[in-house]
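Residues per chain, in single letters:
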There are 2 protein chains.
Amino acid sequence: MAEDTVAAETAGPYAIRPIGRVESPLTDRERAPKQGFEGAPDVWLAFDPEVADGIRDLAVGADVFVLTWLHRARRDVLAVHPRDDPRNPETGVFSTRSQDRPNPIGLHRVRGAAIDGLRVLVQGLEAFDGTRVVDVKPVLTGAQEAGLR
Amino acid sequence: MAEDTVAAETAGPYAIRPIGRVESPLTDRERAPKQGFEGAPDVWLAFDPEVADGIRDLAVGADVFVLTWLHRARRDVLAVHPRDDPRNPETGVFSTRSQDRPNPIGLHRVRGAAIDGLRVLVQGLEAFDGTRVVDVKPVLTGAQEAGLR
C-alpha cells in the first residue's frame, strides 16, 4: 500500500463508542485510590445489550484488562506531578498513569469475580461510577506480557 | 453529581487523536505475527512534536504499554475464531486479542530500546507500518499488574 494511502486511512480522529459502564461506589476524585491495588472496590461492569455476543466467553477467575474512557480528565496536560503530589518532580504524562493525558483511556487489570447476564463483577477497579467501558481484553499467558522475560 | 449529569458527560462517542505513528517493516496482515512475542520486529515510534513534553521521561530499558488504533480492523465483529483458525471455536471478541472488535485499540507491552529525539525504538511490537499511536503508559511495579498476586 502506498504511503499516502496509509496516511489517509489512519489520520484520525477516531470515534470511540462506549460498550458499557462501571457501577462503582466511587464518586469523588479526591477520595479515589490512585491504582486498583490500593484499595479500590469491587465494581460491576454493566455491558450494553448490543455487545452481548462479545462478552459471552468472559469467565469468573480470569484476569482481563478493562479499558475505560476517563471523562473527567484534562486532555491538554502533557506533564504532571505524579500522584498529584507537588513533591514529586514534574513528569511527562506518558511516563505516568495520570488520567490527565491527550487520550484519557484508562487501563485496569482486574479479575472477574461473578457474572450475572450482561453484568460482570470485577475486583479492584479504580474508576468513578458511570465511567464508560470501551474495551475488554484477556491478559495473555505469554512470558512477555506476564513480565517474566 | 446527579446520575443524569454523569450520563450526559459520558455518553460518547469520544474522539481519539493520534499522538504518533509506528514505523515498522510489517505491511502485510497475513504475514504479521499474532502477538509481539511471536517474532515481531523492533519498531520506531515516531511521536508528533505537539506531545514532546509528554514523552520526555521515557527511558531505555523501561517496560511500557503502547496503545494503538488498529485502523484495518472490522468494528462490527463480536465473535471470532481465535488466531483466524477455523478449528478454534468461535469466541466473543472480549475474550480474545483479535483486532476486530467494536473499539479497535491495540495494547502492546514493549520495552524501550533506544531514544532519538521524538523517536523511540521498542522491541516486539506487532503493528503495521503507519499504525497510529494513541497513548503510552508505564507498566506498574505493583504486584497486581505484574501478575504476581
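Everything here concerns the structure above.
A few points on the structure. Predicted model, so just to flag it, every value in this text is computed and none were measured. (Residues numbered from 1 in each chain as written. Chains lettered and ligands numbered in written order. Predicted model: local features only at pLDDT ≥ 70, side-chain atom pairs only at ≥ 80, totals over all residues. Heavy atoms only, no water.)

**Brief notes about the overall build of chain A**
From N to C terminus, chain A includes two helices and nine strands. Its helices and strands taken in sequence order, chain A reads α-β-β-β-α-β-β-β-β-β-β from the N to the C terminus. In chain A, which comprises 149 residues, the proportion classed as buried is 55%. Considering only residue pairs separated by 6 or more positions, chain A has 72% of its internal contacts joining residues 24 or more positions apart. (Helix = DSSP H or I, 4+ residues; strand = E, 2+ residues; numbered from the N terminus. Buried < 20%, exposed > 50% of the residue type's maximum accessible area, 1.4 Å probe, protein only. Contact = heavy atoms within 4.5 Å.)

**Things to note about the packing of aromatic side chains**
Applying the stated criterion to the full structure yields three aromatic pairs over all chains. Centroid distance Phe65(A) to Phe65(B): 5.6 Å. Interplanar angle 75°. Geometry classified as edge-to-face. In this pair, Phe65(A) sits in strand E4 (residues 63-69) while Phe65(B) sits in strand E4 (residues 63-69), so the two residues belong to two different chains. What makes Phe65(A) buried here is its relative accessible area of 2%. Ring centres of Trp69(A) and Tyr14(B) lie 4.7 Å apart, and the angle between their planes is 0°; on these two criteria the pair is classed as stacked. Residue Trp69(A) is found in strand E4, and its partner Tyr14(B) is found in strand E1 (residues 14-16); the two belong to separate chains. With a relative accessible area of 5%, Trp69(A) lands in the buried category. The residue whose ring lies beneath Arg72(B) is Phe128(B), and the NZ or CZ to ring-centre distance is 4.3 Å. (Phe/Tyr/Trp six-rings, centres within 6.5 Å; stacked < 30°, edge-to-face > 60°. Lys NZ or Arg CZ within 6 Å of the ring centre and 35° of its normal.)

**Points about the environment of Arg119(A)**
All names here are of chain A. Its location among the elements puts Arg119 in strand E8 (residues 119-123). Judged by relative accessible area, which is 27%, Arg119 ranks as partly exposed. For the pair formed by Arg119 and Trp44, sequence separation is 75 residues and the distance between their alpha carbons is 6.2 Å. Among the polar contacts made by the side chain of Arg119, one reaches the side chain of Glu23 at a distance of 2.8 Å. (Polar contact = N/O pair within 3.5 Å; in protein donor to acceptor, adjacent residues only side chain to side chain.)

**Remarks on the pairing of strand E3 (residues 43-47) of chain A**
Residues and elements named next belong to chain A. Within E3, four of the five residues are buried, leaving the element largely enclosed by the surrounding structure. Note: strand E2 (residues 20-23) against E3, four bridges, orientation antiparallel. Bridge pairing in E3 places Arg21 opposite Ala46. Where E3 lies against E8, four bridges are found, and the strand directions are antiparallel. Bridge assignment links Ala46 to a residue of E8, and that residue is Arg119. (Pairing = 2+ DSSP bridges.)

**Some words on the pattern of salt bridges**
Residue and element names in this part refer to chain A. Within this structure, the stated rule accounts for 20 salt bridges over all chains. Two residues, Asp135 and Lys137, come together in a salt bridge whose shortest N-O distance is 2.9 Å. As far as the burial class goes, Asp135 and Lys137 line up, both buried. Salt bridges sharing common partners tie together Glu23, Asp116 and Arg119. (Salt bridge = Lys/Arg side-chain N within 4 Å of Asp/Glu carboxyl O.)

**Digging into the sheet that holds strand E7 (residues 105-116) of chain A**
Residues and elements named next belong to chain A. A barrel is described by the order of its strands in space; here six strands give the closed sequence E2-E3-E8-E7-E4-E9, paired in antiparallel fashion. Ignoring strand direction, the axes of neighbouring strands in this sheet form an average angle of 45°. As defined by bridge partners, E2 adjoins strand E9 (residues 132-138) across two bridges and the pair is classed as antiparallel. Considered in E9, the bridge of Gly20 is made with Val133. (Axes fitted to C-alpha atoms, helices over the stretch in contact; angles between N-to-C directions.)

**As for the side chain of Ser98(A)**
Within the fold, Ser98(A) resides in the loop between strand E6 (91-92) and E7. A distance of 2.9 Å separates a polar atom in the side chain of Ser98(A) from the backbone nitrogen of Asp100(A).

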